[in-house]
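The residues making up each chain are set out below.
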Amino acid sequence: NAGVTQTPKFRVLKTGQSMTLLCAQDMNHEYMYWYRQDPGMGLRLIHYSVGEGTTAKGEVPDGYNVSRLKKQNFLLGLESAAPSQTSVYFCASSYPRPVRGGEAFFGQGTRLTVV
Amino acid sequence: GEDVEQSLFLSVREGDSSVINCTYTDSSSTYLYWYKQEPGAGLQLLTYIFSNMDMKQDQRLTVLLNKKDKHLSLRIADTQTGDSAIYFCAERKTPLVFGKGTRLSVIA
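Residues numbered from 1 in each chain as written. Chains lettered and ligands numbered in written order. Predicted model: local features only at pLDDT ≥ 70, side-chain atom pairs only at ≥ 80, totals over all residues. Heavy atoms only, no water.

Q: Account for the sheet that holds strand E6 (residues 55-58) of chain B, with residues named and values stated.
A: Residues and elements named next belong to chain B. Here five strands make up an open sheet; going across it, the order is E1-E3-E8-E7-E6 and the pairing antiparallel. Of all strands in the sheet, those bounded by a partner on one side alone are strand E1 (5-6) and E6. Sheet analysis places strand E3 (residues 18-23) next to strand E8 (residues 71-76), joined by six bridges and oriented antiparallel. Note on E8: the bridge partner recorded for Thr23 is His71. (Pairing = 2+ DSSP bridges. Helix = DSSP H or I, 4+ residues; strand = E, 2+ residues; numbered from the N terminus.)

The following block contains the structure:
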């Protein structure tokens, strides 16, 4: 089982460049999430989706856009990267209601550096 | 992550017990979770507890839930160096709400 797969795993961008992070899950989960993790800040929610074709803002959505065109994929876009977006990005997915505890499954993360 | 609070650091000696504490704010949360993050990896579910339970034990792990005080704790018995990681408390909301994580350091 692949679970949640994020690509790429590492990326270095120049300020102003754009990129898309891809998250794919093979567990038929309805919910998907994008988080960023910074030292001392824990996990902060960027955007999330409760189903195909729907997205919602999280705690820190500015500078990011997302799309959920297919149930299994959740894309995170940076239109004009800034050094403040240097972080480790995690994608996660879960069932909508507690099933086996309703836990979220996480990808391995994407380490992004903006110079 | 403002709804769930945890201390940021904990240091214990190998073989001792570790207790990581968490407070949450939503008394209607149905499930509460503990996740573990090892260096360079994503988060993995360690254990969870349903809100109608006070305690759950799973091998070296004991989860205690005090709904009145909205307090959750994770006790790791006989802590090993392999337990060194960041531990996140989370509550079942849409979306999931995580604490900032407690970095556990185990001293040999």
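Read on, since the account is not over.
Q: Can you lay out the interface of chain B and chain A for me, pointing to particular residues and giving the numbers?
A: Each partner contributes to the interface: chain B provides 20 residues, whereas chain A provides 26 residues. Here chain B meets chain A over a buried area of about 1,800 Å², counting both sides, of which 57% is carbon and sulfur. Ranking the residues of chain B by area buried against chain A places Leu43, Arg92 and Pro95 of chain B at the top, with a combined share of 27%. The tally of links between chain B and chain A comes to zero salt bridges. (Contact = heavy atoms within 4.5 Å. Buried area = accessible area lost by both parts, 1.4 Å probe. Salt bridge = Lys/Arg side-chain N within 4 Å of Asp/Glu carboxyl O.)

Q: Account for unusual backbone geometry, with residues named and values stated.
A: For the bond from Thr7 of chain A to Pro8 of chain A, the omega torsion is -5°, close enough to zero to count as cis. One can find Pro8 of chain A in the loop between strand E1 (4-7) and strand E2 (10-13). Not every positive phi belongs to a glycine, and Asp78 of chain B is a case in point at roughly 50°. Tracing the sequence through the fold places Asp78 of chain B in the loop between E8 and strand E9 (85-91). Assessed through its relative accessible area of 41%, Asp78 of chain B is described here as partly exposed. (Buried < 20%, exposed > 50% of the residue type's maximum accessible area, 1.4 Å probe, protein only.)

Q: I'd love a proper account of the state of the cysteines, names of residues and values included.
A: Under the criterion given, the structure shown has two disulfides over all chains. Linked covalently through their sulfurs, Cys23 of chain A and Cys91 of chain A form a disulfide whose S-S length is 1.9 Å. The S-S bond linking Cys23 of chain A to Cys91 of chain A shows a torsion near -75°; that makes this disulfide left-handed. Within this pair, whereas Cys23 of chain A is found in strand E3 (residues 19-25), its partner Cys91 of chain A is found in strand E9 (residues 87-94), the two being separated by 68 residues in sequence. Across the pair, exposure class does not vary: Cys23 of chain A and Cys91 of chain A are buried alike. Disulfide pairing is shown between Cys22 of chain B and Cys89 of chain B; the S-S distance is 2.0 Å. Residues Cys22 of chain B and Cys89 of chain B are joined by a disulfide whose S-S torsion is about -65°; by sign, that bridge is left-handed. Taken together, the residues Cys22 of chain B in strand E3 and Cys89 of chain B in strand E9 connect sequence positions 67 residues apart. With respect to class, Cys22 of chain B is no different from Cys89 of chain B; both count as buried. (Disulfide = S-S within 2.5 Å.)

Without other data, these values stay purely geometric and don't point to any function.
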